[in-house]
Amino acid sequence: MLNTDTDAIPMTMKDLAGAPPLVDVQWLAENLGREDIVVLDGTLFLPGEGKSGFMSYLDGHIPGARFFDIDVFSDPDTDLPHMVPSAGRFASLAGALGIENRQHLVIYDAKGLFSAARVWWLFRLFGHDRVSVLDGGLPKWRSAGHPVEQRGGAHWSPTTFAVAFRAALLRGLGDMDENLRTGAQQVLDARPAARFDGRVPEPRQGVRSGHVPASRSLPYTDLLREDKTMLAPDVLRATFQSVGVDASTPVVATCGSGVTAAVLCLAMEVAGLSRGALYDGAWAEWGTCR
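For the protein, the name recorded in an unreviewed UniProt entry is 3-mercaptopyruvate sulfurtransferase, with Pandoraea anhela as its organism. Entered under Catalytic activity (unreviewed entry) in the UniProt record, the comment concerning the protein runs "2-oxo-3-sulfanylpropanoate + [thioredoxin]-dithiol = [thioredoxin]-disulfide + hydrogen sulfide + pyruvate + H(+)".

**Remarks on the nonpolar core**
If you look at the biggest cluster of nonpolar residues, it comprises 57 residues, and the most contacted ones within it are L40, F68, F90, W121, F123, M230 and F240. Of all the secondary structure elements, the ones that give two or more residues to this core are β2 (37–41), α4 (87–96), β4 (104–108), α5 (116–125), β5 (131–134), α9 (233–242), β9 (251–254) and α10 (261–271). Both domains that meet at this core, namely domain 1 (22–165) and domain 2 (168–289), each give it at least three residues. Not counting residues within four places of it along the chain, the set of residues in contact with F240 comprises L188, L218, L223, V245, L264, A267, M268 and L273. Counting residues in hydrophobic clusters, the runner-up holds 17 residues, among them V23, Y57, A65 and V106.

**Overview of the sheet that holds β4**
Read across the sheet, five strands follow the order β1-β5-β4-β2-β3 without closing on themselves; strand pairing throughout is parallel. Looking along the sheet, the strands with just one partner apiece sit at the ends: β1 (22–23) and β3 (66–67). The pairing of β4 with β5 spans three bridges and is parallel. Counterpart to L105 in the pairing with β5 is V131.

**Here's the deal with the domain arrangement of the protein**
How big an interface is tends to be expressed through the accessible area that disappears when the partners come together. Per the domain assignment, the segments of the protein are domain 1 (22–165) and domain 2 (168–289). Computed over C-alpha atoms, the centres of domain 1 and domain 2 are 22 Å apart. It is L113, F114 and W121 in domain 1 that bury the most area against domain 2; as a group they hold 23% of the surface buried on that side. The interface formed by domain 1 and domain 2 contains three salt bridges. Between D280 and R118 there is a salt bridge, and its shortest N-O distance comes to 2.8 Å. Linking domain 1 with domain 2 are seven residue pairs in polar contact (both at pLDDT 80 or more).

**Topic: the pattern of salt bridges**
Taken as a whole, this structure holds 16 salt bridges when the rule is applied. E269 is paired through a salt bridge with R124; the nearest N and O atoms lie 3.3 Å apart. One end of the pair, E269, is in helix α10; the other, R124, is in helix α5, with 145 residues separating them in the sequence. Considered together, E269 and R124 belong to a single accessibility category, that of buried residues. Between E202 and R191 there is a salt bridge, with the nearest N and O atoms lying 2.8 Å from each other. Of this pair, E202 sits in the loop between α8 (193–196) and β8 (216–217) while R191 sits in the loop between β7 (186–189) and α8; the two residues are 11 residues apart in sequence, bridging distant segments of the chain. Note on E202: relative accessible area 11%, which makes it buried. Here the salt bridges do not stand alone but share partners, grouping R124, D129, R166, E269 and R275 into one network.

The rules we used
Residues numbered from 1 in each chain as written. Predicted model: local features only at pLDDT ≥ 70, side-chain atom pairs only at ≥ 80, totals over all residues. Heavy atoms only, no water. UniProt positions renumbered as here; feature names shortened; annotations may be inferred. Core = buried A, V, L, I, M, F, W, Y, C linked by side-chain atoms within 4.5 Å. Buried < 20%, exposed > 50% of the residue type's maximum accessible area, 1.4 Å probe, protein only. Helix = DSSP H or I, 4+ residues; strand = E, 2+ residues; numbered from the N terminus. Domains from an automatic or database assignment. Contact = heavy atoms within 4.5 Å. Pairing = 2+ DSSP bridges. Buried area = accessible area lost by both parts, 1.4 Å probe. Salt bridge = Lys/Arg side-chain N within 4 Å of Asp/Glu carboxyl O. Polar contact = N/O pair within 3.5 Å; in protein donor to acceptor, adjacent residues only side chain to side chain.

Put into structure tokens, the structure is as follows:
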């Protein structure tokens, strides 16, 4: 069903009919095929996993879903992984994917809830609020007995997509340097604790181990149930509070490359906390130049 618990939805979302941060597989199954709903497969795999998001999509996806390639929807002029593209590039690519501003986008990934949040965050960054993440993603869809299709299947025509960039949702290296001086924002790291503590190597070559000074560890997996659906709003609030976050604390989320940090941002929306920003360069940047 559609998550309409107003305690779970910040005021900024309550006026967006039909577009809470999360929808579940029952709601999507009942609404799949509506002309105003577009489903996007945002599957991404980490370096070393030896898998391709696009090949995963071809092997099986929600009927009618279109593949959203996070690496394509990125800045091509940097060596850092999947950095935010320019507004013009994002608008052009979204239009080529047949996405319109009037549509409600539902994002999922093949891991349950991993990279789909990054796609959700990108659309929010560029001003599109009619976007939700499918709670539990493709594994939950499959386990509920809903069909998948293979290879192609989705057809669309290019369109025009208008963007409105929200700088307040994004942090860069200079912002992080400034925050070291002021301590005005709390930095939460979504990587596994062993990577945060430097007990295991980073998956990207040339990136040292460790974490941004004064940041705190909150692995994104701590916000998910065993079936990769998100915890209830009250449990999320308690989890954030356990690392010092409250409704008045500005938060910057980081991770290895700006992907799972978006899970923290999504969870803050679901929990009704202040909207979090995301450090896009993440540890891939900080771990090589600081």
